Amino acid sequence: MLMLYVKTLLSAFCIALAGIVQAQDTTLNPLLMQGSWPSSWITCPDVPQRAYGVYHFRKEISLTQKPQKFVVHVSADNRYRLFVNGKAVCSGPARGDLYNWYFETIDIAPFLQAGRNVLAALVWNMGEHAAVAQVSDQTAFLLQGDGRPEYVVNTNSTWKVLHNRAYQPCSVDNGERLRTYMVIGPGDSVTAARYPWGWEQPAYADTSGWLSARRIAQPEPSGYGSDNRWTLVPRTIPLLEETLQKIPAIRRVTGIEPAAGFLSGNQPLSIPAHKTVSLLLDQTYNTLAYPELTVSGGKGSSIKITYAEALYKEGRKDNRNDVEGKNMIGNYDVFMPDGGSKRLFRPLWMRTYRYMQLDIQTGDEPLRLDELVGMYTGYPFQEKARFASNDTSLKRIWDVGWRTARLCAGETYFDCPYYEQLQYEGDTRIQSLISLYVTGDDRLMRKAIQNFYNSRVPEGLTQGRFPSNRLQVIPPFSLYWVSMVYDYFMHRNDPAFTGQFLTAIQGVLNWYEQRIDKQKNMLGPMKWWNFVDWNRAFPGGTPDGANDGNSSIVTLQYVYTLQQAAPLFEYFGKNYEAQHYRELAAALTKNTYQQCFEATRGLMANTPLKTTFSQHASIMAVLAGAVPENQQKAVMQKVLYDTALSQATFYYRFYLTQALKKAGMANLYYSQLAPWRGMLEKGLTTFAENPDPTRSDCHAWSASPNYDFLATICGIMPAAPGFKKVQIKPELGELVRVSGRMPHPAGDITVSVERKGTQGVTAEIELPQGLQGEFIWNGKTVALKGGKQQISL
């Protein structure tokens, strides 16, 4: 059934104030965004529309000649995979919400031919088992031709549909078994004897059991309709990539002697009847992929495929490379062969794994495993940046960090690919900066900003994660959303996009302003989940004072955000608001310092009680400028080396680095990489959520070195909104030589720096033509201009 994914160029669009802006090559008929579509949303009749179900849709058309262009727009609820004449061409829709339901646009002409053609779609609804990231109304499928010649494929009652009863949900108790929060959706249990093999191929006879599809709703684009179930908007990001990955190693086997060439695809693995076999496979690195298992024979067999980032021994992961004495526990799929030849099992949704275990029980027939591969999938980021230094070990940190970032980027940014696949502002701000610096691709960042904007609750806050079918509000994450808009404002010259969020930003900032304790002039009690960091001294990640009032950390994060909002509003001519935010920030800063700074310890306390201290409080105090400039280095020195402070995790060390830069101590960044080196020593191939014992072995908020190697060590930073100027201020620490390249909207910025003696430096800088800036070293400044220039100081 399932072919190698065919990568095609689809259209992606961005909705800005000026209207619909095309982002890629395939065009959208503008009439389709000006009223109801001629097609219909369709579904399978006589099934529960909001329950679990897997369905196949087919439509046959006849063409007099092979078209040069044949553009269609496709969507579904929950998801679809579209085939044309047996070839998989498109999957989606990109995750959004009912008010912003995405559709994909694709030119299927390369897959069409003169004469008979068959369009087919696999559509599924996970129902009550759906991932928390999956918003849904009911089972539905939609395909709309772009213009009159393509209307022949429009979804209506001429399409046929089959309810595929081979599928059942399994692995629905992941959270209970793993004793943690896991909400990615169920596994697939597939009974091959009930599967309509070949359903997507033109030669398949869609007769027995196939019904006429039922029309259920008129498709309505954004701004139209009066009874909408899904309000359609164009997809704003490219299709996810799929790339073949072979699994290199069998680490453990029982019940059979494995064929030497099985994993390479050169030799099948034959398993006799009535055998119990277990194979533990090692990808050797964490990945995100669609496993594809091809089998023949084996009627009456059962194959359970379990996935894990690491194996466990007495609840501990320890070194991730070790398997001896460890157990496999994780989410799983089940495939039950029917005896047919070359049956392909591929789960409906992607799986995260380093380790994959096949537990096989054969029946009366022998089973042949013909092939097992993975199809790596994710947002199609292209690594355009580079970083090198005389410390070659940094290359491994860079590579593992980049793998971490890639595994946490799909149709949204993911906090983690194994457990949640949810997009949180706290994670996403860091991920977006990594994307900008390593790839120059801002489309997923733009979508994330828009997603959070669409998530706002009546109080004015954004939701803490979105898209999500469950409500979660994390007020500090709403502040990070404002910071994301500010980051975009500084890195991209795109006022039409940025300006549309000002009113929403005001809503977030006003929410906090209304909760200021007038007596102490700090934030008072706050509701919802005031998460700051998974610091073990913070119950549920919430520092003291955040819920009951007078948290220095959250107050100063609010100040930090006000200080970002002020220049943003000023840029758009909102001088009154900008001045108000500056004055408010100054008042909060002054009073928080007076109330919470403990002079004898030289540190910021968590609350005015001055009974608890954390790295976080002083980090935010420096970032917000609450600590006088002449005291900042002393404070940060204690933050780094006072072990009595409750410690920042990998996530919050991003802000630790920003505070070091603010205090003029960024030269210490290189010496602060021990946590990442420690993860590598433990065999991690992606960076973890927290220090061990950790839940997730892949968490993008821990990939911040991929930003900081360029922004801190190489020192490349925007010096004006829209990155119209650049500041290059290298901070080498103990390094002798570094070089880096990052994509700028006008072209690449390249930096090569080498120490000269104890204080001097030689550098070669190349900027895109038209870009100006400055190079700073040990307090000396050199003007930069477009082109290549040599510096010796």
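Residues numbered from 1 in each chain as written. Predicted model: local features only at pLDDT ≥ 70, side-chain atom pairs only at ≥ 80, totals over all residues. Heavy atoms only, no water.

So, about the packing of helix α2 (residues 393-407) against helix α13 (residues 674-681). For the pair α2 and α13, interaxial distance at closest approach is 11 Å and the crossing angle is 80°. Comparing their axes, α13 and α2 come out roughly perpendicular. Contacts between α2 and α13 pair S393, L394, R396, I397 and V400 from the former with W676, R677 and L680 from the latter. For the contact of α2 with α13, the class distribution of residues is five nonpolar, one polar and two charged. (Axes fitted to C-alpha atoms, helices over the stretch in contact; angles between N-to-C directions. Helix = DSSP H or I, 4+ residues; strand = E, 2+ residues; numbered from the N terminus. Parallel < 35°, antiparallel > 145°, perpendicular 65-115°, else oblique. Contact = heavy atoms within 4.5 Å. Nonpolar A, V, L, I, M, F, W, Y, C, P; charged D, E, K, R; others polar.)

As a further point, take helix α4 (residues 443-454). The end-to-end C-alpha separation of α4 is 16 Å, in line with the 16 Å expected for twelve residues at 1.5 Å each. Within α4, ten of the twelve residues are buried, which leaves it mostly tucked inside the rest of the structure. By the burial criterion, the buried members of α4 are L444, M445, R446, K447, A448, I449, Q450, N451, F452 and Y453. (Expected span 1.5 Å × (residues − 1). Buried < 20%, exposed > 50% of the residue type's maximum accessible area, 1.4 Å probe, protein only.)

This part takes up the pattern of salt bridges. For side chains of opposite charge, pairing can occur when their charged atoms come near one another. Going through the model one piece at a time under the given rule, you end up with 34 salt bridges. D441 is paired through a salt bridge with R443; the nearest N and O atoms lie 2.9 Å apart. Residue D494 pairs with R446 through a salt bridge whose shortest N-O separation is 2.4 Å. Of this pair, D494 sits in the loop between α5 (475-491) and α6 (495-499) while R446 sits in helix α4; the two residues are 48 residues apart in sequence, bridging distant segments of the chain. Using a relative accessible area of 10% as the deciding quantity, one classes R446 as buried. Each of the salt bridges in this network shares a partner with another, and the network as a whole consists of K317, R320, K682, D692 and D697. (Salt bridge = Lys/Arg side-chain N within 4 Å of Asp/Glu carboxyl O.)

Before going further, it helps to examine the packing of aromatic side chains. Tallying each qualifying case throughout the model produces 45 aromatic pairs. Seen from their ring centres, Y307 and Y353 are 5.9 Å apart, and the 40° between their planes marks the pair as tilted. Pair noted here: Y307 is in strand β23 (residues 302-308) and Y353 is in strand β26 (residues 351-361), with a separation of 46 residues, a long-range link. Looking at Y307, the relative accessible area reads 0%, which means it is buried. Both rings, one in Y437 and one in Y707, keep their centres 4.8 Å apart while their planes meet at 80°; by these two values the pair is edge-to-face. Placement of the pair is Y437 in helix α3 (residues 425-438) and Y707 in helix α14 (residues 705-713), with a sequence separation of 270 residues. (Phe/Tyr/Trp six-rings, centres within 6.5 Å; stacked < 30°, edge-to-face > 60°.)

Let us now look at the nonpolar core. Residues W481, I505, Y558, Y652, Y655, I749 and F775 are the most contacted members of the largest nonpolar core, which totals 150 residues. Here Y652 is in contact with Y480, V532, D533, I553, H616, I619 and M620, once residues within four sequence places are set aside. I247, I271, Y353 and L367 belong to the second-largest nonpolar core, a separate cluster that totals 45 residues. (Core = buried A, V, L, I, M, F, W, Y, C linked by side-chain atoms within 4.5 Å.)

With that settled, the discussion passes to the sheet that holds strand β35 (residues 737-744). Here five strands make up an open sheet; going across it, the order is β28-β35-β36-β37-β40 and the pairing antiparallel. Each edge of the open sheet carries a strand with a single partner, namely β28 (386-389) and β40 (787-792). In this sheet, adjacent strand axes meet at a mean angle of 10° when their direction is disregarded. Alignment of β28 against β35, held across four bridges, turns out to be antiparallel. The partner of F387 across the bridge, within β35, is G740. Of the strands in this sheet, β28 and β35 touch α14, which is tilted by about 105° from β35. (Pairing = 2+ DSSP bridges.)

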